[in-house]
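Architecture and fold: a report
The chain contents come next:
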Amino acid sequence: MGSLAIDPTTGAPVGITTSPFELEDYPIDSAHRNLKIAMIGSGFSGIIAGIRIDQRLRNVDLAIYEKNNSVGGTWLENHYPGLACDHNWSHFYAPGGEILQYLKDVASKYKLERFLRFRHKLVKAQWNDKTSQWHLSFELLNEQGEKIGEKEEVADAVIQGMGGLSRWDWPKIPGLENFKGEKIHSADYQGVAEDQAGKRVAVIGSGSSAIQLVPALQPHAQRVTNYGSTWIAEPFVSSKLKELQADGNNHKFSEEMKKQFADDKEAYHTFRHTMEAELNSVHGVTIKGSDFQNGAVAEFTKSMHRKLAKKPEILKTLVPTFPVACRRLTPGPGYLEALVEENVDFVPSGISRVTETGIETVDGDKREFDTIVCATGFDTSYRPRIPIIGRNGTNVQDEWADIPTHYLSVAIGADFPNYWVMNGPNSSLGSGSLLVLFEREADYIVSAIAKMQRENIKEMSIKKGAVEDFMEYIASYFPKTVYSQKCRSWYKKGLELGPVVALWPGSCLHAITALKNPRWEDYDYVSSSKQKNRMGWLGNGWSVPEASGTGDSAFYLNEIDHPAIPQ
């Protein structure tokens, strides 16, 4: 490359541009270009993104589209008896209703009702090459979820946050459709545990839903029979929990402790920090043959043996042959204690069929039931149920028919400009806090949209090579982990063996570090400016505080990063 030729009279390059460059008349930080942003879904992802977009971006029109009547996502749609999660409030594992209320309170606190569009069900998204916008087709629903109209909107940028735990399916068990009793899916549980009083109830499954349902139903049902097998983990952040509750069961916070947390923010922060640090210290358990893994097998076996002492025969069939964490780790406070109650049976044998009156297993065992509860999970293939059509007619339904390909879980591919994903493929975690990953995904996406607005970018699309490289990284990472072992898991689309499509290829801290500093060079760009000079975004040489005479014209003094003085 030769030296750059400069006109000595003007200082401009010689022969570089074919047309004169003119300064664009706006301050560099004016957010002069209005952008329409569509957020699909109002669960954790939608709420986080909505708050950050409102906080960090100016001159944008944000709409958060939600098919239901309220915010909440998974926590709105799942409400079976015993539903809980690893957050804090009234209990160490807070009940589902409390988590849903928390989401509603946060949405209200940040006044997201300004942006929320309820009862809008997305049925199609299609890219328009001429306008560089997404056309979004919605069905308008009434409060009962019935279609009452249609609507089309356009957006410069779309964020998909529809979630992976809202699309439930009945398990493919022969004869299930012929059962004459009550048939319930845990994701669509409309009643309460007391409704099963005096009834014979089967709970199919051994994931997080099942192990919360069994102890919730046990005090009420005549008999509960659980079909399944899995590791029952020591409760997450168990050292802190055992400080509060020696037996490791779900701890109910006293009014005194809740008041302390409310009044002493530092004490509450310390409590949370201790829990999060312990959550992030167990990544080693996911590595095949590691000391962490071997120790977890020994510890969990010991714990299960102790809690199943009244029915030692269960231990032989309940303890799996697959490694700890091959399936999602489930602490399940109260589950093992429920299994040893007189009115609870545990059946590890596979189900061969469902009859009109009950269940038959592969070893010939036949049992009759009044109610069958299928706690059998969701469609976790990540293949969307609606067409999402990008450039060249490329449909995500086709692209993700087998393995969902993507870049860092947030971008789909070169044919899907300005389309971002939260809680998508490979963005769940084997250990650590999932919500901090959602927060970092939102940070990444908001930064990308800010870059589009700031630098006159109308199309931003991930390079094909970047997607290929990340998918190669995923394929190289998981063989060394327990997830590659034989166990049926939603991490692998419900298969015993196969590519891991749900989990990030690394730890929680690894994921948030990867997203912290975006590699913008992995994207291709199309400018919104008619000028060929890429520096048009510098504007007219002014900033907003100077041009308007308002705002802080010495803001940089509030942004000083004071270094520590070397000792």
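Structure first, text after, so check above.
No experiment lies behind these values; they were computed from the predicted model shown.

1. A short note on the sheet that holds strand β7 (residues 157–160)
Spatial strand order, β3-β2-β1-β7-β17: 5 strands in an open sheet with parallel pairing. Both edges of this open sheet fall to β3 (116–117) and β17 (419–421), since each of them pairs with a single strand only. For strand β1 (residues 35–40) and strand β2 (residues 60–65), the ladder comprises 6 bridges, and the chain directions are parallel. Within β2, the residue paired with A38 across the bridge is A63. Along the sheet face, helix α1 (residues 44–56) touches β1, β2 and β7 and points at about 165° away from the line of β2. In the packing of helix α12 (residues 434–454) onto the sheet, contacts are made with β1, β2, β7 and β17, and the angle to β17 comes to roughly 165°.

2. Quick notes on the state of the cysteines
Taken as a whole and judged by the stated rule, the model has 1 disulfide. Shown here is the disulfide that connects C326 with C487, its sulfur atoms set 2.0 Å apart. For the disulfide bridge between C326 and C487, the dihedral angle about the S-S bond is near -95°, and by the sign convention the bridge is left-handed. Here C326 is found in the loop between α9 (312–318) and α10 (335–339), whereas its partner C487 is found in the loop between α13 (464–477) and α14 (508–516), with 161 residues between them in sequence. When sorted by exposure, C326 lands in the same class as C487, which is buried.

3. Here's the deal with unusual backbone geometry
Backbone geometry at A325 places phi at a positive 85°, although glycine is not the residue there. Within the fold, A325 resides in the loop between α9 and α10. Relative accessible area serves as the criterion here: at 4%, A325 is assigned to the buried category.

4. Remarks on the pairing of strand β9 (residues 200–204)
In terms of burial, β9 is a largely internal element, 4 of the 5 residues being buried. With 5 bridges connecting them, β9 and strand β10 (residues 223–227) associate as parallel partners. Note that in β10 the partner of I204 across the bridge is Y227. Traced from β9 through helix α4 (residues 208–217) to β10, the parallel crossover comes out right-handed. Pairing of β9 with strand β15 (residues 371–374) involves 4 bridges; the strand directions are parallel. Across the sheet, the residue bridging to V201 is T371, located in β15.

5. Observations concerning the layout of surface pockets
By volume, the second largest pocket amounts to about 300 Å³. Along the wall of the second largest pocket there are 14 residues; nearest its centre are E455, I457, Y525, S527 and R534. In terms of residue count, strand β19 (residues 523–527) provides more of the lining of the second largest pocket than any other element does, 3 residues in total.

6. Looking at the pairing of strand β12 (residues 351–354)
As defined by bridge partners, β12 adjoins strand β13 (residues 358–361) across 3 bridges and the pair is classed as antiparallel. By the bridge assignment, I351 is partnered in β13 with T361.

7. Quick word on the pattern of salt bridges
Within this structure, the stated rule accounts for 27 salt bridges. With a shortest N-O distance of 3.9 Å, D443 and R52 are connected by a salt bridge. Here the residue D443 occupies a position in helix α12, and R52 occupies one in helix α1, the gap between them amounting to 391 residues. Classification of D443 by relative accessible area gives buried; the value is 18%. For R52, a relative accessible area of 29% gives the class partly exposed. For the salt bridge of E455 with R454, the shortest nitrogen-to-oxygen distance reads 3.3 Å. Judged by relative accessible area, which is 37%, R454 ranks as partly exposed.

Parameters and conventions
- Residues numbered from 1 in each chain as written.
- Predicted model: local features only at pLDDT ≥ 70, side-chain atom pairs only at ≥ 80, totals over all residues.
- Heavy atoms only, no water.
- Pairing = 2+ DSSP bridges.
- Helix = DSSP H or I, 4+ residues; strand = E, 2+ residues; numbered from the N terminus.
- Contact = heavy atoms within 4.5 Å.
- Axes fitted to C-alpha atoms, helices over the stretch in contact; angles between N-to-C directions.
- Disulfide = S-S within 2.5 Å.
- Buried < 20%, exposed > 50% of the residue type's maximum accessible area, 1.4 Å probe, protein only.
- Right-handed = clockwise from strand over helix to strand, strands pointing away.
- 1 Å grid on protein atoms, 1.4 Å probe; cavity = no way out; pocket = protein on both sides within 12 Å on 5 of 7 lines; lining within 4 Å.
- Points joined across faces, edges and corners; volume = space filled by probe spheres on them.
- Salt bridge = Lys/Arg side-chain N within 4 Å of Asp/Glu carboxyl O.

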